[in-house]
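Overview (structure and organization)
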Amino acid sequence: MDTPRFYAADESALKARFSTGEHGLSTAEATKRLAAQGANALPEARPDGIGVIFLRQFASPLIYVLLGAAAIIFVTGHPVDAYIILGILVFNAIVGTIQEGKAQDTLRALKSFATTSATVLRDGVEMLVPDTEVVAGDILILSEGGKVAADARIVQSRGLRVDESSLTGESEPVEKSSALLADTDLTLGDQVNMAFKGTNVVAGSGRALVVATGTDTALGK
């Protein structure tokens, strides 16, 4: 399926398509859409289980050498020395497993602590919501220093400039406009009337109509 050319659609057509208006969505409608669309988040890999973490402690050339040495010592008639080496290796693996497990717990806690928010217009009022709760049809309020929570069509720009280097590789911030673009195939970097999930506002302010969330965004794809 072709990616919709939202950059070539005017504001009124997009508002009709996403059943939204000047005052944004109602809180009730946003809640309904969130249940239907799912969270505005990208899938994360499942953390490794304790068994996988334990076995990973043996994935080292030095460990292989020591295991080989233990095997040679065992077959040459010194089983006690071989068991001592194996015991040390197992003890080392247990300690490593505990440390890595704690590191994973800490990382999960940091991710939870660092959850970002987005400012949206709902019922005509600007409100701060977790970016995972942004839905298609929301009106994003963009301001300097903020992160773009979802793919959105710019409908208002006041000197708005966005750093898209994480997505396009462009080193310079892109000046954004609400002007309609030609209905031709444009790269992400040329879609100057679009803002994309995961990019950062470095100057100015503006408003944008959310057209894609989660895995439907350019970043998600």
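As shown above, the structure is provided for reference.
What follows deals with the pattern of salt bridges. Evaluated as defined, the whole model comprises 11 salt bridges. Taking the shortest distance from any N to any O, the salt bridge between Glu29 and Arg33 comes out at 2.7 Å. Linking Glu29 with Arg33, this pair stays in helix α2 (residues 27–37), spanning four residues, or about one helical turn. We classify Arg33 as buried; its relative accessible area is 11%. When the shortest N-O distance is used, the salt bridge between Glu100 and Arg56 registers 2.2 Å. With Glu100 in helix α5 (residues 79–113) and Arg56 in helix α3 (residues 50–56), this residue pair connects regions lying 44 residues apart in the sequence. Take Arg56: its relative accessible area is 33%, and that puts it in the partly exposed class. Linked by salt bridges that have partners in common, Glu11, Lys15 and Glu22 make up one network.

Within the element layout of this structure, Glu126 appears in strand β2 (residues 125–130). A sequence separation of 65 residues divides Glu126 from Gln191, and the C-alpha atoms of the two residues are 26 Å apart. Not counting residues within four places of it along the chain, the set of residues in contact with Glu126 comprises Thr119, Val120, Leu121, Ile141 and Arg207.

Quick look at the packing of aromatic side chains now. Scanning all chains against the criterion turns up three aromatic pairs. Look at Phe54 and Phe58: their rings are 5.5 Å apart centre to centre, the planes differ by 75°, and that puts the pair in the edge-to-face class. Phe58 gets classed as buried once you look at its relative accessible area, which sits at 18%.

Conventions and cut-offs
- Residues numbered from 1 in each chain as written.
- Predicted model: local features only at pLDDT ≥ 70, side-chain atom pairs only at ≥ 80, totals over all residues.
- Heavy atoms only, no water.
- Salt bridge = Lys/Arg side-chain N within 4 Å of Asp/Glu carboxyl O.
- Helix = DSSP H or I, 4+ residues; strand = E, 2+ residues; numbered from the N terminus.
- Buried < 20%, exposed > 50% of the residue type's maximum accessible area, 1.4 Å probe, protein only.
- Contact = heavy atoms within 4.5 Å.
- Phe/Tyr/Trp six-rings, centres within 6.5 Å; stacked < 30°, edge-to-face > 60°.

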